[in-house]
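Given next are the chains, with one letter for each unit.
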Amino acid sequence: MKKLLVVIPAYNEAENIARVVEQLQNEYAQFDYIVVNDGSIDNTAEICKKNGYNMIDLPVNLGLSGAFQTGMRYALKKDYDYAIQYDGDGQHNPEFLDPMMQYAEDNKLDIVIGSRFLEGDKRMSFRMFGNSLIDALIKITTGKTVKDSTSGMRMYDKKMIKKLAYQMNYGPEPDTIAYLIRCGAKVGEYPVKMNERIAGESYLSFTNGVKYMFHMITSILVVQWFRKKG
Amino acid sequence: MISAILLFMFIYRKLKKSQLQVNEAFFWIVFSSVLVILGFFPEIAITLARKIGIISPSNFIFLCIIFLLIIKVFLLTIKVSSLEQKVSNLVQEIAIRERDYAEKE
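Residues numbered from 1 in each chain as written. Chains lettered and ligands numbered in written order. Predicted model: local features only at pLDDT ≥ 70, side-chain atom pairs only at ≥ 80, totals over all residues.

## Topic: the nonpolar core
Residue and element names in this part refer to chain A. Our working rule: Nonpolar cores are identified as sets of buried Ala, Val, Leu, Ile, Met, Phe, Trp, Tyr and Cys residues joined via C-beta atoms within 7 Å. Whether a residue is buried, exposed or partly exposed follows from its count of other C-beta atoms within 10 Å of its own C-beta, namely 20 or more, 12 or fewer, or something in between, respectively; the C-beta atoms are built from the backbone. Secondary structure elements follow DSSP: runs of H or I no shorter than four residues count as helices, runs of E no shorter than two count as strands, and numbering proceeds from the N terminus. Two residues form a contact once the distance between their C-beta atoms, set from the backbone, is within 7 Å.
Formed by 66 residues in total, the largest nonpolar core has its most connected members in Val6, Val7, Ile8, Val35, Ala83, Ile84 and Ile111. In terms of residue count, the dominant contributor to this core is strand β1 (residues 4–10) (6 residues). Residues in contact with Ile8, not counting those within four places in the same chain, are Val20, Tyr33, Ile34, Val35, Val36, Tyr86 and Gly88.

## Re the packing of helix α5 (residues 126–142) of chain A against helix α7 (residues 174–182) of chain A
All names here are of chain A. Condition: Inter-axis angles, ranging from 0 to 180 degrees, are taken between N-to-C directions of lines fitted to C-alpha atoms, where helices are fitted over the stretch in contact. Working definition: roughly parallel below 35 degrees, roughly antiparallel above 145 degrees, roughly perpendicular at 65 to 115 degrees, and oblique for all remaining angles. Take the far helix as the reference: if the near one is turned anticlockwise from it by less than a right angle, the crossing is left-handed, and if turned clockwise, right-handed. For this classification, Asp, Glu, Lys and Arg are treated as charged, while Ala, Val, Leu, Ile, Met, Phe, Trp, Tyr, Cys and Pro are nonpolar and the rest, including Gly, are polar.
Remark: α5 packs on α7, axes separated minimally by 10 Å, with the N-to-C direction vectors making an angle of 15 degrees. The pairing of α5 with α7 is recorded here as roughly parallel in orientation. Note on packing geometry: the crossing formed by α5 with α7 is right-handed. Contacts between α5 and α7 pair Ile134, Ile138, Thr141 and Thr142 from the former with Pro174, Ala178, Ile181 and Arg182 from the latter. Residues that form the contact of α5 with α7 fall into these classes: 5 nonpolar, 2 polar and 1 charged.

## Notes on the environment of Phe41(B)
Positionally, Phe41(B) belongs in the loop between α2 (22–40) and α3 (42–52). With 12 C-beta atoms counted inside 10 Å, the residue Phe41(B) sits in the exposed group.

## Some details on the environment of Asp81(A)
All names here are of chain A. Here Asp81 shows up in the loop between α3 (63–77) and β4 (82–85). Spatially, the C-alpha atom of Asp81 lies 16 Å from that of Lys186, the residues being 105 residues apart in sequence. Those residues within four positions of Asp81 in sequence are excluded, and the remaining contacts are Lys2, Lys3, Leu4, Asp157 and Lys158.

## Some words on the environment of Ile47(A)
Residue and element names in this part refer to chain A. Residue position: Ile47 is located in helix α2 (residues 44–51). Given 22 C-beta atoms within 10 Å, Ile47 falls into the buried group. When the C-alpha atoms of Ile47 and Glu13 are compared, they prove to be 9.9 Å apart, with 34 residues separating the residues in sequence. Those residues within four positions of Ile47 in sequence are excluded, and the remaining contacts are Ala14, Ile17 and Ala18.

## Brief notes about the sheet that holds strand β2 (residues 32–38) of chain A
Residue and element names in this part refer to chain A. Note the threshold: Note on pairing: DSSP must find at least two bridges between two strands before they are called paired.
Strand order in the open sheet made by the 7 strands is β3-β2-β1-β4-β6-β5-β7, with mixed pairing throughout. The two strands at the open ends of the sheet, each matched to only one other strand, are β3 (55–58) and β7 (187–191). The sheet shows a mean angle of 20 degrees between the axes of neighbouring strands, direction not considered. Relative to β4, β1 runs parallel, the two being bridged by 4 bridges. Note that in β4 the partner of Leu5 across the bridge is Ala83.

## Some remarks on the confidence of the model for chain B
All names here are of chain B. For clarity, the cut-off: Scored between 0 and 100, pLDDT is the confidence that the predictor attaches to each residue.
The predicted model of chain B averages 88 in pLDDT, with 100% of residues at 70 or higher. Within chain B, the lowest mean pLDDT, 82, falls on helix α1 (residues 2–16), and the highest, 91, falls on helix α4 (residues 57–104). Model confidence for the complex: the whole-complex pTM is 0.83, and ipTM, which rates the interface, is 0.79.

Next up, the structure:
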């Protein structure tokens, strides 16, 4: 049995973190998880400590990519075969963890994206438009079709964990996926369903969304060509 | 000329208080010294500019300074990037170790 680590970056997720972790602990105890508290200013850390959750407590706020990288370092240190990026707000469903890992193993994939749009509806919204745009850019630059590159549920194998753990510019975002595809990583998608956020506020407001899009577009279209393949 | 001397004095004082690493300081010492020399002997700039074919010596000086500063800023960006990375790696390492430590107790 391969070992899977569920990495849960959490920034101000006090309202959600207990629900998310309890579900993992009670129903999917075969998987290990690690909460990376990214210097939250609410009592996320206290909740984790009180309940004895497995947590890494970052003393300062590093942002999602820094928090996620911490999880990758931990996964590498503890010698996990797969690590998955898992939202702390309950948007992701743990029932897909095992099938995703199976899918990765069966097809010898380096990265498996939990994709919302493989089957089912593609609703039109500002967010969807952004997603389609990034998918199109990835198609153009790498020739690979990815249906849901902005999905936050991505599983990485050991080879990828090593890269993500120690190198700069490997944030858990679509541009990294595009870059890794260009470096020869095998990427697959597995259909998943996600939940709407129950509590707390989404990070992706309109202005943040625009900033995010700008960052992704420039990174995939321009900066990527200046990066060393490796 | 006066401003060049003032700049030199400013840098000199800051260096004395040692708020700068030596190898970094070297750049600024040379830079401000050259400005002071050019302030005292503008003929240098005038002849150099004429040799290269730039009519106005002040344009020549601006060109050189801007070029130098662009390089400096770029090198600084690299440095800041690498510092940010190091800080973030330190934070990660501290947090992971702290967790291991707490586990052992």
